[in-house]
Amino acid sequence: MSLDKQAAAFTKSVQAQAGLTGQRRTVANSAAAVILPTAPASIQQKRKRIVERTKPSVPTIVYSQPTDTALMGQHMMTLVHHTITYLKFKEVPQTPAQIASYLSIPMTPDLLFVLKENERLTWNPVSETFDYKPIHNIRSAQALLAHLQQQTTAQGLQVKELKDGWAGAVETIADLEEHNDILVTRTKKDNQPRMVWINDKSLDIEVEDEFKAIWHKIPIPPAAELPGELEKAGLKPTSVDPSTVKKESKGGQQKGRKKAQNRRVKVSNTHMTGILKDSKDLKR
């Protein structure tokens, strides 16, 4: 057999094997397509578990505060405001349960923490109660008198500061004023107390009746005649404009104009004394 025939025979055999392999692959694929839908449930569960294990893991989100933060916003501040108003009205310490009952909500840890940190409230860990912290810790007549006596200046105390946390401040001030224990200034519009001072009774001086009688015997002219009487006594009334008062000159006469004085001229050209005349002679 020649070489050409051998090569042709070898090529046919290779092609025959390739066709057989392709047929096997087609049959295998068709068989798999038939078997997969009818696979047992156990095989499907195994495949599902394998797929779940191969999925990428999702990172867990950790929050530093609760997801519902509505209570930490304006609603929380509203609850704090109502709590302060409630404690100002009660004027006695209240427990968290009493505050929660007034607010009609449960006392949450967040609300309890905010109330403890509020500067207008005082937390007593022994009795576990909240109390309102007023500007001045004064809620009785004795406390007011003691505070006024300890003051080192005569500045006084504002009543609006006393009313902060003390509902009976105005009534107590009126009672102390009636007994001359304090001095009070009031507003002109509605006669409400504005400032208070301690009334130091040790400064009170008794005036003798004889001196009072002498004082009251001094006649006081009517208001219309008072400026004239003061002028007669050599006094200047405060109601008179100082610019309208004529000032008298010394000696009773006004000074006239000063006479022009002759100015002396210094002669520097002394070598011409015989020729030029003195300045005084020229003026004559």
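Residues numbered from 1 in each chain as written. Predicted model: local features only at pLDDT ≥ 70, side-chain atom pairs only at ≥ 80, totals over all residues. Heavy atoms only, no water.

Novice: Help me understand the environment of V114, please; the structure alone is not making it clear to me.
Specialist: Tracing the backbone shows V114 in helix α5 (residues 109-117). Relative accessible area serves as the criterion here: at 18%, V114 is assigned to the buried category. The sequence separation of V114 and V80 amounts to 34 residues, and the corresponding C-alpha distance is 7.9 Å. If we ignore the near neighbours within four places in the chain, the residues touching V114 are M76, M77 and V80. (Helix = DSSP H or I, 4+ residues; strand = E, 2+ residues; numbered from the N terminus. Buried < 20%, exposed > 50% of the residue type's maximum accessible area, 1.4 Å probe, protein only. Contact = heavy atoms within 4.5 Å.)

Novice: Help me understand the pairing of strand β2 (residues 129-132) in this model?
Specialist: Both strand β1 (residues 121-124) and β2 contribute to a ladder of four bridges, which runs antiparallel. Paired with T122 across the strands is D131, a residue of β2. (Pairing = 2+ DSSP bridges.)

Novice: Before we go on, may I ask you to explain helix α4 (residues 96-103) in this structure?
Specialist: Count 3.6 residues to each turn of an α-helix, and residues three or four apart come out pointing the same way. All buried positions along α4 are accounted for by P96, I99, A100 and L103. One face of α4 carries all of its buried residues, which in axial projection span an arc of 100°. Among the exposed residues of α4, those oriented more than 90 degrees off its buried face are A97 and S101. Taken from the residues just after α4, S104 is the one with a positive phi, measuring 60°. (Arc of directions from axis to C-beta.)

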